[in-house]
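So you can see what is in the structure, the chains are spelled out below.
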Amino acid sequence: MSDENSIPKSNGVSRRAVLAGGTALTASLFMPKSLKASDFSTAAVNTTGLAVTDDTVTIGILHSVTGTMAISETGSVQAEKLAIEQINAQGGILGRKIEYIQEDGASDWPTFAEKARKLLVNDKVASVMGCWTSASRKAVLPVFEQHNGFLYYPTFYEGLEQSPNVIYTGQEATQQIIAGLDWVNKTKGAKSFYLLGSDYIWPRTSNKIARKHIENFMEGCEVVGEEYYPLGHTQFNSVINKIRLRKPDVIYAIVVGGSNVAFYKQLKAAGIDMTKEAPLLLTISVTEDEIRGIGGENIEGAYACMKYFQSLDNPNNIDFVKEFKKMWGDDMVIGDVTQAAYLGPWLWKAAVEAAGSFDVDKVRAASPGIELTSAPEGYVKVHENHHLWSKTRVGRAQADGQYEVVFETAELVEPDPFPEGYQ
Amino acid sequence: MFADYSMSELGAIFAMQGFAGLILFSVFVLMALGLAIIFGQMGVINMAHGEFMILGAYVTYIVSNIFAAYMPALFSMYFFVAMILAFIASGALGLFVEWAMIRHLYKRPLDTLLATWGLSLILQQLYRSIFGAREVGVSIPDWMMGSLPLTDMIEVPINGIFVMILAVTISVGVWIMMYRSNWGKQVRAINQNRVMADAVGINTAWTDRLTFGIGCGVAGVAGSAFTMIGSTGPTAGQLYIVDTFLVVVFGGAGSLLGTIASAFSISQAQSIMEFFLSGSMAKVLTLLTVVGILMIRPQGLFTLKLRK
């Protein structure tokens, strides 16, 4: 897209280099499109007693469909079901149809752990698509590691984790943050930043990375304020006054949940017009899903930095949006996490086919190097560290609730869950 | 922290900060009035208060959609209709809940706590089933968004003024009902001595029901107004419930004046501390102070003198 604006990144990688490095990849490329179950005897593809029969394989879906987090997790469930349906329509995995058992985490972290145990121990599912918040992932992690399950986790998150039993299909913090900050500095000339967030691990870790990057790697830039509000906080007039006083070039906002709605409505009511970009607002926490609650007219002009926007103009995405709306209704919107959740079943399919087996150990071994050229976000590839290489994009919010993509990195951004110099 | 700023800038900021405190005060008053009536006058701990508010917010959402679809010319005025309907809807639900549930539990106040908490879960799931798990966006008429620029630096949010006017109106309305109307006299009589009130011919059952209904109705109006400043989702009511109880308990149950005084002191303290400290620290200190004062004065700031 806007190549003149793109930032050459030291840790970027060209697609050619990725292709040359992939070994498992070549296997998946030359795999015939439709495989017959009879070519793969159940005894051979399943040596660990997973729920695999001669014509089906069972996986788990573990998200909150009740409780506070249902707001966010519904989209992920829908995307995963769409992917499963599409895979089945193509003939399934190793000739076997995917069946799923859906469990409700009920926005309660111990419930997530309990349901994860049920899926792995009782149902013997071959893999699980699930979790949304970091808290729920942390709760199920010991269960997955104890019972050697395999989880595809869709949310962009704070990083600092790398489990052999999890594939992280969303971006970790440095992927999402650094490109956006560099962009706003280079193209908008922003020098001063006001960091704002909800008070829990993801916004705090993300802002820590943002602060390190602004202070150590961006010349002449400074952080003029950093502030956290409790989850669910609904009154932002005081911080808006502080922002007025400090006059930053950029408000860097990582507010989540119901607070989001209050924050943007009050920002607008206080006369801060984001379309004038003085100050400019950059967020990493507002996807198209959140805009539905906030109202497009209240956030128009703000910038968001993530890897996927519904408005991305490529054939994969146009198909994906069409199929998603066909299955779930025309009024649906698709946010970053929904797209990442959609990747889960596809990545698993590719890994299983590369491994020629459903065994978790073999799927894990086959996962690094797995690539998807059909991803709605474009091209992704699984890194050794179980995160995805992906491009980072900046979108500008429109009154109709969609983002207009104004920038994307030229290269895939390498996932770096334990960034040196940012701790 | 102020060395870098000119006097006029500081003056403007303090003016706006004062105004932010007043808006927070109005929000607290609106949240707490309904609960003050129910908890203060009837002793019912209504954990579903937030859900009654959100019912008001959803009514506003429906009304805004109806106006947008059928009467776009009148859209700028829909909010007033929505608030009246919110009062009626939440009030009616309140009457029903009192009849179906609360009246059986008057002698068991701790059970009402559990029962209303259960009710709040039921209502949340009901909203989720009807309106979906995602938050809905309520479009607000243009004239209610935006701000009035008083000077170059000072801008006053219009929805803040609206909330303030509404808070004053409802407070005055509740005061008139409680202290100048027949119904108010009966409510206070029952509060002071239920048996005697019954004996002199007051229909205590009906008065209770009406009190609960009116308390819920006021909550509905508050919820309707909060669509301007907050989110409308199945669990959004939970965002308000802690602050609401804090204000009512700190003010002293049973005293409307206490509720208003406590809303004022908590909002000002919080808003000033938010400005000088970080948001989370301000909240912690506010809660600590309130807990400290309640330890010294468990009955709250203001109390009614009662013969028991």
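What you see is a predicted model, and the numbers here were worked out from it, not measured in a lab. (Residues numbered from 1 in each chain as written. Chains lettered and ligands numbered in written order. Predicted model: local features only at pLDDT ≥ 70, side-chain atom pairs only at ≥ 80, totals over all residues.)

Looking now at the overall build of chain B. A count of helices and strands for chain B gives 11 helices and 2 strands. Helices and strands appear in chain B in the N-to-C order α-α-α-α-β-β-α-α-α-α-α-α-α. At 20 Å, chain B has a C-alpha radius of gyration in line with the 19 Å of a compact globule built from 308 residues. In terms of principal-axis extent, the alpha carbons of chain B reach across some 70 × 55 × 35 Å. For chain B, with 308 residues in total, the buried portion stands at 50%. The contacts of chain B with a sequence gap of at least 6 include a subset with a gap of at least 24, amounting to 77%. (Helix = DSSP H or I, 4+ residues; strand = E, 2+ residues; numbered from the N terminus. Rg over C-alpha atoms; globule rule 2.2 N^0.38 Å. Buried ≥ 20, exposed ≤ 12 C-beta atoms within 10 Å, placed from the backbone. Contact = placed C-beta atoms within 7 Å.)

Residues and elements named next belong to chain B. With respect to the secondary-structure elements, Thr 303 resides in the segment after helix 11 (279-296). Residue Thr 303 is classed as partly exposed on the basis of its 15 C-beta neighbours within 10 Å. The sequence separation of Thr 303 and Ala 219 amounts to 84 residues, and the corresponding C-alpha distance is 23 Å.

Once that is clear, we can look at the interface of chain B and chain A. Across the contact, 40 residues belong to chain B and 35 residues belong to chain A. Elements with a minimum of two residues in the side of chain B that touches chain A: helix 1 (7-42), helix 4 (109-131), strand 1 (147-149), strand 2 (155-157), helix 5 (158-180), helix 10 (256-276) and helix 11 of chain B. Broken down by element, the residue count for the side of chain B that touches chain A peaks at 7 residues, all from helix 1 of chain B. Its residues placed into classes, the side of chain B that touches chain A shows 18 nonpolar, 16 polar and 6 charged. (Nonpolar A, V, L, I, M, F, W, Y, C, P; charged D, E, K, R; others polar.)

It is worth spelling out the sheet that holds strand 4 (residues 151-153) of chain A at this point. Residue and element names in this part refer to chain A. Across the sheet, 5 strands lie side by side as 2-1-3-4-5; this open sheet has parallel pairing. With partners counted over all chains shown, the strands left at the sheet margins are strand 2 (97-104) and strand 5 (166-168), one partner each. Strand-to-strand twist across the sheet, computed as the mean angle between neighbouring axes with direction ignored, equals 25°. Across 2 bridges, strand 3 (residues 128-130) lies against strand 4 in parallel orientation. The partner of Val 128 across the bridge, within strand 4, is Leu 151. (Pairing = 2+ DSSP bridges. Axes fitted to C-alpha atoms, helices over the stretch in contact; angles between N-to-C directions.)

The subject of this paragraph is the pairing of strand 15 (residues 403-408) of chain A. Residue and element names in this part refer to chain A. With 5 bridges joining them, strand 14 (residues 393-397) and strand 15 adopt antiparallel strand pairing. Directly across from Arg 393, in strand 15, lies its bridge partner Glu 408. Counting the residues that bridge the hairpin from strand 14 to strand 15 gives 5 residues, and of these Gly 401 lies at a positive phi of roughly 90°.

Moving on to the nonpolar core. One broad rule of soluble globular proteins: the nonpolar side chains tend to lie buried together. If you look at the biggest cluster of nonpolar residues, it comprises 212 residues, and the most contacted ones within it are Tyr252(A), Leu347(A), Ala351(A), Phe28(B), Leu30(B) and Ala32(B). Of all the elements, helix 1 of chain B adds the most residues to this core, at 21 residues. Not counting chain neighbours up to four residues away, the residues in contact with Tyr252(A) comprise Phe193(A), Tyr194(A), Leu195(A), Leu196(A), Ala210(A) and Leu282(A). (Core = buried A, V, L, I, M, F, W, Y, C linked by C-beta atoms within 7 Å.)

This paragraph deals with the sheet that holds strand 12 (residues 378-382) of chain A. Residues and elements named next belong to chain A. Read from one edge to the other, the open sheet built from 3 strands follows the order 11-12-13, with strand pairing classed as antiparallel. With one partner strand each, in any of the chains shown, strand 11 (371-375) and strand 13 (388-389) form the two edges of the open sheet. Where strand 11 lies against strand 12, 3 bridges are found, and the strand directions are antiparallel. Counted as the bridge partner of Glu 371 is Lys 381 from strand 12. Along the sheet, helix 14 (residues 336-355) contacts strand 11 and strand 12; its crossing angle with strand 11, the most-contacted strand, is approximately 135°.

A separate point is unusual backbone geometry. Residues and elements named next belong to chain A. A cis amide bond links Ala 278 to the next residue, Pro 279, at an omega of 0°. Its place among the elements puts Pro 279 in the loop between helix 10 (258-269) and strand 9 (280-283). A positive phi angle, near 50°, is found at Asn 148, a position not held by glycine.

This part takes up the confidence of the model for chain A. Here chain A shows a mean pLDDT of 88. Residues at 70 or above account for 91%. Here residues 1-32 of chain A is modelled with pLDDT under 50, and outside its nearest four sequence neighbours on either side it reaches 47 contacts, counting other chains as well. (pLDDT = per-residue confidence, 0-100.)

Time to look at the packing of helix 9 (residues 237-246) of chain A against helix 1 of chain B. Here helix 9 of chain A crosses helix 1 of chain B at 165°, and the two axes come no closer than 9 Å. Regarding the angle of helix 9 of chain A to helix 1 of chain B, the classification is roughly antiparallel. For helix 9 of chain A against helix 1 of chain B, the interelement crossing comes out right-handed. Contact residues: helix 9 of chain A offers Asn237(A), Ser238(A), Asn241(A), Arg244(A) and Leu245(A), while helix 1 of chain B offers Ile13(B), Met16(B), Gln17(B), Ala20(B), Ile23(B) and Leu24(B). (Parallel < 35°, antiparallel > 145°, perpendicular 65-115°, else oblique. Left-handed = near helix turned anticlockwise from the far one by under 90°.)

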